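Coordinate analysis (summary)
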Amino acid sequence: MKTLSLLIFFLANATCKETTTVYVCNSPGAKKYHITSGCRGLSNCTYKIVKIDIEKAKKDGKTLCGWEN
């Protein structure tokens, strides 16, 4: 039973781990961050797409793209 509990704990933590880096359009008006660089929400970006830490994106007021909710 202890082994099963440890396995459940491990799987729960492995699947709930939040991504630490995200992608944003380097446009002054960009308001969203994206988990993948291929997100369709980035398709309209005419600026450079950059990879940044999720904490920085949130600190800058960006929220998760609606395509990735």
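With that settled, consider the side chain of Glu68. Among the structural elements, Glu68 can be located in the segment after strand E4 (63–64). No salt bridge forms around the buried Glu68; measuring N to O, its nearest opposite-charge neighbour Lys32 is 10 Å away. Only 2.6 Å separates the side chain of Glu68 from the backbone nitrogen of Ile35, close enough to count as a polar contact.

Turning to the pairing of strand E1 (residues 21–25), a few remarks are in order. In terms of burial, E1 is largely enclosed, as four of its five residues are buried. As defined by bridge partners, E1 adjoins strand E3 (residues 49–53) across five bridges and the pair is classed as antiparallel. Within E3, the residue paired with Val24 across the bridge is Val50.

Reading the values: the criteria
- Here, residues in each chain are numbered from 1, in the same order as that chain's written sequence.
- Per-residue local features are limited, in this predicted model, to residues with pLDDT of at least 70; the limit for side-chain atom pairs, both in listing and counting, is 80 or more; totals at the level of whole chains, interfaces and linings are taken over all residues.
- Only hydrogens and water are set aside; all other atoms, that is, all heavy atoms of the structure, feed into the side-chain values.
- A run of H or I in DSSP counts as a helix once it spans at least four residues, and a run of E counts as a strand once it spans at least two, with each numbered from the N terminus.
- Only protein chains enter the accessibility calculation, which uses a 1.4 Å probe; a residue is then buried when its area is under 20% of its type maximum, exposed when over 50%, and partly exposed in between.
- A residue counts as positive if it is Lys or Arg and as negative if it is Asp or Glu; His and the chain ends are not included.
- When a carboxyl oxygen of Asp or Glu lies within 4 Å of a side-chain nitrogen of Lys or Arg, that pair is called a salt bridge.
- Contacts described as polar in this section are N or O atom pairs within 3.5 Å, which, within protein, must combine one atom able to donate a hydrogen with one able to accept it, while residues neighboring in sequence count only if both atoms come from side chains.
- Whether two strands pair depends on DSSP finding at least two bridges between them.

In short, geometric facts, not functional conclusions.
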